[in-house]
Structure formats: structure tokens, C-alpha cells
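Chain by chain, the residues:
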Amino acid sequence: DQFDNLDKHTQWGIDFLEKYAKFVKERIEIEQNYAKQLRNLVKKYCPKRSPKDEEPRFTSCIAFFNILNELNDYAGQREVVAEEMGHRVYGELMRYSHDLKTERKMHLQEGRKAQQYLDMCWKQMDNSKKKFERECREAEKAQQSYERLDNDTNATKADVEKAKQQLNLRTHMADENKNEYAAQLQNFNGEQHKHYYIVIPQIYKQLQEMDERRTIKLSECYKGFADSERKVIPIISKCLEGMILAAKSVDEHRDSQLVIDCFKSGFEPPGDFPFEDYSQNIYRTISDGTISTPKQEGMRIDSKTTVGKAKGKLWLFGKKPKPQSPPLTPTSLYTSSTPNGSQYPIFSIEPVHYCMSDIKTGKPRIPSFRSLKRGYFCLQGPALEDFSHLPPEQRRKKLQQRIDELNRELQKETDQKDALIKMKDVYEKNPQMGDPSSLQPKLTETMSNMDRLRMEIHKNEAWLSEVEGKVAARSDRRHSSDINHLVTQGRESPEGSYTDDANQEVRGPPQQHAHPNEFDDEFEDDDPLPAIGHCKAIYPFDGHNEGTLAMKEGEILYIIEEDKGDGWTRARRHNGEEGYVPTSYIDVTLEKNSKGA
């Protein structure tokens, strides 16, 4: 008899189910937003660089990048949790809620129909009861009327008969209504018993089973909600372990070594500053025309002239500072010592030497022009291609990396050529598969790319060999310099000269007349230099800049001055035209007999 209350209870159960489904939906949105924010965070702090960027890969940076990757995987697991909850919990709840509403509606309709049928039976029984009651009253009235007429002496026999017939009719109708009422009553009692003992209990049982299934479904969803989180815990643990391993992989010593390798230039450290004796004028007691001076004074002057050379070594990237002229005071002849202890005369600084010094400062020498030209090409031209603007060690690394990249590209082109050749053979054997001539343009293009890559590799290998040769020579010279530094101090002869490359120094053996040789060097451009070899141009060179010599591929030139470390070689044509050409653009052959000329 609690049909209405059960109706309310089942509706509350469905509302609670939908309320929990809404809770799961909001939890899914939280997980999705959390995962999205984590991915945005990772994307924000991930390094934004192209594959060609070569920044130092410090272990601390690598560890941070690994942590970002693990965090990105962690965000992915949060997305897995949201997807699993949406599929196993929320989606299942929404489908079950729809089915539950349909089933509840069907059971309630059956209950209402049973109740309506019972009400209809009760109405029929009640109508028959009322009709039977009415007929009984009419029969009683007919009987009272018959008895009154029968006792009345004045009544005629016809009136009495008529009253008797009316009594019999009412009695008969009362009996029929009685039977009908009894039948309707029996039927109603049966339907009522069936309603309360069979139909309604069956409907209520179905509603009870439906409500219990709803409760079980909620329990399963609660478990699925937790399982969605528990399934990803092992993977999340691995992500956290990866972060810990990344933290343990940080190596401070390796990072320091990377800094050293990154900024190592390969240049020699500057030499020691010699002692500059400013008291030499105090001890000058003889006239300008004196033939000899004390040895100590000569040694002081020699040390002072060495200062300019030592300072020149400090200029690593540009041209050397303009050499200072000696003081305009005549000094007498002085002597210098050789490594074996012997002494030799040095040409004295006479007034004519002052004139030569003025000429030297006024005349633009070729080595100075070489330095200027080299500085210009660091900004424009081949310097950017051969990395000559970089220190030797960094240049060597860049060239080696470029050679490796070119070799990889050449290998790809070679594989592509082999594949095209095989495909062409297949087409020739089976023309129905394709036209062999259609592959010829692609094959020609691939061969052209291979030739171009080989030329690039050869050119870069020539530059690399040049750099490695300089590094080896610099190492040998550093070793020799250390030995000489231990033997004696300040024994550098005036013949020690420096090229424009501040790292290369050419020292000649002591001559009996050093200053006259230096005097001749000042006018080395007056007479044509002898050829010390020849070269063949591997690549064409425009030679637009002043002092350079244009050349065509395959052209033969004379070598009159070797590369002194700046990447340029002085060459001469057959018609006498001279200029500088890039060393990496030519194939040099030196004559053994004329190399020292």
C-alpha cells in the first residue's frame, strides 16, 4: 500500500546516481585541465632551438630536460586517468541511468494499471450492491402495498391481484440483483486478493531488484573510479624514479669540462714581459760615433726591442699594432749573444736608419695589408664559410661537425642513387611497371648532388688539415719555447720575426749582419719574389677585393709566398700579375730546391 512512497524512493535513487555522475564529470574536467596545464608548463620551459643549434649540453641542462620529459609523461598519465574515468565510470553511469529510468517507468505503469483495475472491480461491486439495495427497498414497498390492499375490505379483487403481481416482480428483481451483487462481490474479493498478494508484490519485487542493481552499479563505479587512479600509479612511480635518476646524473666535473671544451681557443698564452731598462741613458757616456759600447747596454736595448715583439703576440684576432720607431737618439753598435755563448755584431742605429724607419712607417707593407684583408673577410667572403673568424680549436670542431654532416648527406644521396638504379633495372626488365627514362632526371640530380657534396667534403677536409697542422706546429713551438725559456732569458736575436698571425713566429738563425737583412725586408716588394712552387685552382675565385687575385677552376699559378696561418697564399700568374688567393681553394705543390729561396 506504499506505492507512492516507493515511487519517490526510486526517483531519489536515480537522482543520486546522476548526482554522482556529475561529480565524476567534474573530476574528469579537473584531470584534463591539470594535464593540459602540465603540458603547457613543459612546452614553456622546453628548449626552443633548431637542429643546427649547438649549445653546450651540460648535465644539469640534460637532467632538467629529462625531468620535463618525465613530467610530460606524467601529464599523459593524468589524461589516461581522465579517459578511463570517462569511459568506465561516467559513460557507464549515464547509460545505466537512462536504462534505469525506462525500467522504473515500466514498473510504475504496471502498478498503476493494477491499481486502476482493482478500483474498477470495486466500482462494479459497489454499483451492484447499491442496485441490490434499491431493489430490496422497492420489494418491501410492494409487499407493504399488497398487504394493505389485501387487508382492505373495500379493495377490489383486481387491485389485490395487481399488487400481488407487482410484489412478485420486485421480489424477483431483488433476487436477481442479489445474485449479481454476490457475483460482483466474489469477483472483487478475488481481484483484491490477487492484487495485494500477487500483482503488487511482483511489481514491488521488480522495483526492489532495480534499486539493488542501482546500488551495485554505484559500488562498481566507486571501485572503477579508484582503479582508474591505481592503474597508472606504477607508471607515475616510474616517472618519479626517472626524475630522481635525472637528478643523480648531474656531474659537475663533466659540466666544467664542457665549459673548457666550449671556450677553448687553442691560442698560446702571451709570453713574459721583458724587463724595460729606462736607465740606459744614464750610462751613456760616450759619443754617438763610438764604435763599441758596454755589453750590458746592448743587452738592455735588445730587451727593449723585444718588448714590441712580445706585445705583438697579444693581438690574437686583428692585425698587430704599428711597430714603434726606435727613439731618435743615435746609439752605438751593440752586441747580442747566441745560444752557444758567442757574440756577434749588430748593425748600429745610424741616422740613415732613422730615414729607413720613416720610410717603413710611411709605406704600406704587404703583411699589414694581409691582416687588414683577413679582418675584412672575417665579415664578408670565405671567412664565414671556413670558420676562419673562430679560434683554432673551435674552428677545428666546427669543420669536423660540418664534414660529418656532409658525409651523412652523401650517404643518403648514395643510397638514393642505388635505389634509383635498382628501380631502373626493374623497369627495364618489366616495362609494364614503369618507364625507365622517367627516372633519369632524378638520377642525374642525385649524381650532381653527390659531386657537389664530395667537393664540399674535400674543401672542408683541406681546411681541417690546415687547422690541425697549425695546432701541431703550435704545440711543437710551445714545447721549444718552454725549453728556451728554461735555458736563458732575453736571448732573442733581432732576426726573430713575426708573421701577421699572432700565433706563428718564424725565427731565423743569427746572421753576422742582422740589421741589413731587416733593412732589405722593408723593400721586399721592390723586386719580384722567386717562385717556390706552383698550384692548381680547385675552385674559382672572384678576387673582387683589393690585393686578391682572381682565378678560374683548373688554372695554374706560381707560388711566391706560403700561407702564414691566415688562410691566404700569395701567387703570381704567367703575365706577372700577383695577389692573394684562399689556400683552401688551391692544390699547392712546393719545389724542394726552391722552397728556401
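Residues numbered from 1 in each chain as written. Predicted model: local features only at pLDDT ≥ 70, side-chain atom pairs only at ≥ 80, totals over all residues. Heavy atoms only, no water.

### So, the overall build of the protein chain
When helices and strands are counted, the protein chain shows twelve helices and nine strands. Of all 597 residues assigned to the protein chain, the portion counted as buried reaches 34%. Of all intrachain contacts in the protein chain linking residues separated by at least 6 positions in sequence, the fraction that spans at least 24 positions is 74%. Surface summary for the protein chain: the accessible area is close to 37,400 Å², and the carbon and sulfur share equals 54%. (Helix = DSSP H or I, 4+ residues; strand = E, 2+ residues; numbered from the N terminus. Buried < 20%, exposed > 50% of the residue type's maximum accessible area, 1.4 Å probe, protein only. Contact = heavy atoms within 4.5 Å. Areas by Shrake-Rupley, 256 points an atom, 1.4 Å probe, with all protein chains shown as cover.)

### Observations regarding the pairing of strand 7 (residues 568-572)
Residues in a regular strand project their side chains so that they alternate between the two faces of the sheet. Most of strand 7 is tucked away: five of the five residues are buried. The alternating pattern of strand 7 places Trp 568, Arg 570 and Arg 572 and Thr 569 and Ala 571 on opposite faces, both of which are buried. In this sheet, strand 7 lies alongside strand 6 (residues 556-561) in antiparallel orientation, the contact comprising three bridges. What sits directly across from Ile 559, in strand 7, is Ala 571. Linking strand 6 back to strand 7 in an antiparallel pair, the connection comprises six residues, with Gly 565 at a positive phi of about 105 degrees. As paired elements, strand 7 and strand 8 (residues 578-582) share five bridges and run antiparallel to each other. In the strand pairing of strand 8, Arg 572 is matched with Glu 578. Joining the antiparallel neighbours strand 7 and strand 8 is a turn of five residues, in which Gly 576 adopts a positive phi near 95 degrees. (Pairing = 2+ DSSP bridges.)

### What about the packing of aromatic side chains?
A ring pair, where both rings are aromatic, is described by two values, the distance of the centres and the angle of the planes. A full pass over the atoms with the stated rule returns eleven aromatic pairs. When the centroid spacing of 5.7 Å and the interplanar angle of 20 degrees are considered together, the rings of Trp 12 and Phe 16 count as stacked. Within this pair, Trp 12 and its partner Phe 16 are both found in helix 1 (residues 3-45), separated by four residues, close to a single helical turn. Looking at Phe 16, the relative accessible area reads 31%, which means it is partly exposed. Among the aromatic residues, ring-to-ring pairing joins Tyr 20, Phe 23, Tyr 222 and Phe 225 into one connected group. Positioned above the aromatic ring of Tyr 96, the side-chain terminus of Lys 217 is 5.5 Å from the ring centre. Lying across the ring of Tyr 539, Lys 459 places its NZ or CZ 5.2 Å from the centre. (Phe/Tyr/Trp six-rings, centres within 6.5 Å; stacked < 30°, edge-to-face > 60°. Lys NZ or Arg CZ within 6 Å of the ring centre and 35° of its normal.)

### Overview of the side chain of Glu 70
By the element assignment, Glu 70 lies in helix 2 (residues 59-151). Lacking a salt bridge, the buried Glu 70 has Lys 238 as its closest oppositely charged neighbour, with an N-O distance of 10 Å. Not counting chain neighbours up to four residues away, the residues in contact with Glu 70 comprise Lys 238, Cys 239, Gly 242 and Met 243. (Lys, Arg positive; Asp, Glu negative; His and termini not counted. Salt bridge = Lys/Arg side-chain N within 4 Å of Asp/Glu carboxyl O.)

### Remarks on the sheet that holds strand 5 (residues 533-537)
Two pairing modes exist for strands in a sheet, parallel and antiparallel, and in both the strands are linked by backbone hydrogen bonds. Taken together, five strands build an open sheet; the order of strands is 8-7-6-5-9 and the sheet is antiparallel. Each edge of the sheet is formed by a strand with only one pairing partner; in this case those strands are strand 8 and strand 9 (586-590). Taken over all neighbouring pairs, the strand axes of this sheet differ in orientation by 40 degrees on average, direction set aside. The pairing of strand 5 with strand 6 spans four bridges and is antiparallel. Its bridge partner being in strand 6, Cys 535 is matched across the sheet by Leu 557. (Axes fitted to C-alpha atoms, helices over the stretch in contact; angles between N-to-C directions.)

### Quick word on the nonpolar core
Note that soluble globular proteins tend to have their nonpolar side chains buried in a common cluster. Among the nonpolar cores identified, the biggest contains 33 residues, and Tyr 20, Val 24, Val 89 and Leu 93 are the most heavily contacted of them. Mapped by element, the contributors of at least two residues to this core are helix 1, helix 2, helix 3 (157-231) and helix 4 (233-248). Considering each element in turn, this core owes the most residues, 13 residues, to helix 2. With 21 residues, the next largest nonpolar core counts Met 551, Trp 568, Val 581 and Ile 586 among its residues. (Core = buried A, V, L, I, M, F, W, Y, C linked by side-chain atoms within 4.5 Å.)

### Some remarks on the packing of helix 1 against helix 3
One way to put it is that helix 1 packs onto helix 3 with a least axis distance of 11 Å and a crossing angle of 15 degrees. Viewed along their axes, helix 1 and helix 3 adopt a mutual orientation that is roughly parallel. The crossing of helix 1 and helix 3 is left-handed. Along the lines of polarity and charge, the residues of the contact of helix 1 with helix 3 split into 16 nonpolar, three polar and five charged. (Parallel < 35°, antiparallel > 145°, perpendicular 65-115°, else oblique. Left-handed = near helix turned anticlockwise from the far one by under 90°. Nonpolar A, V, L, I, M, F, W, Y, C, P; charged D, E, K, R; others polar.)

### What about the confidence of the model for the protein chain?
Residue-level pLDDT values for the protein chain average 76, and 71% of them are 70 or greater. Here residues 286-383 is a poorly scored stretch, pLDDT under 50, and it has 168 contacts once near neighbours within four places are set aside; other chains count. Segment residues 483-526: pLDDT under 50, and 89 contacts once partners within four positions in sequence are set aside and those in other chains are kept. (pLDDT = per-residue confidence, 0-100.)

### Here's the deal with helix 2
Helix length check: helix 2, at 93 residues, gives a terminal C-alpha distance of 135 Å against a target of 138 Å (1.5 Å per residue), a fit within 8%. The principal kink in helix 2, of about 40 degrees, is found at Gly 86. (Expected span 1.5 Å × (residues − 1). Bend = angle between axes of the 7 residues up to and from the residue.)

### A short note on the environment of Leu 443
Note on placement: Leu 443 falls in helix 11 (residues 440-487). Taking the C-alpha atoms as reference, Leu 443 lies 10.0 Å from Glu 413; in sequence the two are 30 residues apart. When neighbours within four sequence positions are excluded, Leu 443 is seen to be in contact with Lys 417, Leu 420 and Ile 421.

### Quick look at the side chain of Asp 566
Assignment of secondary structure puts Asp 566 in the loop between strand 6 and strand 7. On the basis of relative accessibility, which here comes to 8%, the residue Asp 566 falls in the buried class. A distance of 3.2 Å separates the side chain of Asp 566 from the backbone nitrogen of Trp 568, its partner in a polar contact. (Polar contact = N/O pair within 3.5 Å; in protein donor to acceptor, adjacent residues only side chain to side chain.)

### Some words on the pattern of salt bridges
If you walk through the whole model with that rule in mind, you get 28 salt bridges. Among the ionic pairs, Glu 79 bridges to Arg 39, the shortest N-O distance being 2.9 Å. Remark: Arg 39 occurs in helix 1 and Glu 79 occurs in helix 2; sequence separation between them is 40 residues. Residues joined in a network through salt bridges with shared partners are Glu 561, Lys 564, Arg 570, Arg 572 and Glu 578.

### Section: a nonpolar patch on the surface
A contiguous nonpolar patch, built from Trp 12, Phe 16 and Tyr 222 and spanning about 310 Å² of accessible area, is present on the exposed surface. The exposure class assigned to Tyr 222 is partly exposed, which follows from its relative accessible area of 37%. (Patch = residues over 30% accessible without salt bridge, like charges linked within 9 Å, V, L, I, M, F, W, Y side chains within 5 Å.)

### Examining the environment of Leu 6
Within the secondary structure layout, Leu 6 lies in helix 1. Considered as a pair, Leu 6 and Gln 208 are 202 residues apart in the sequence and their alpha carbons are 9.2 Å apart.

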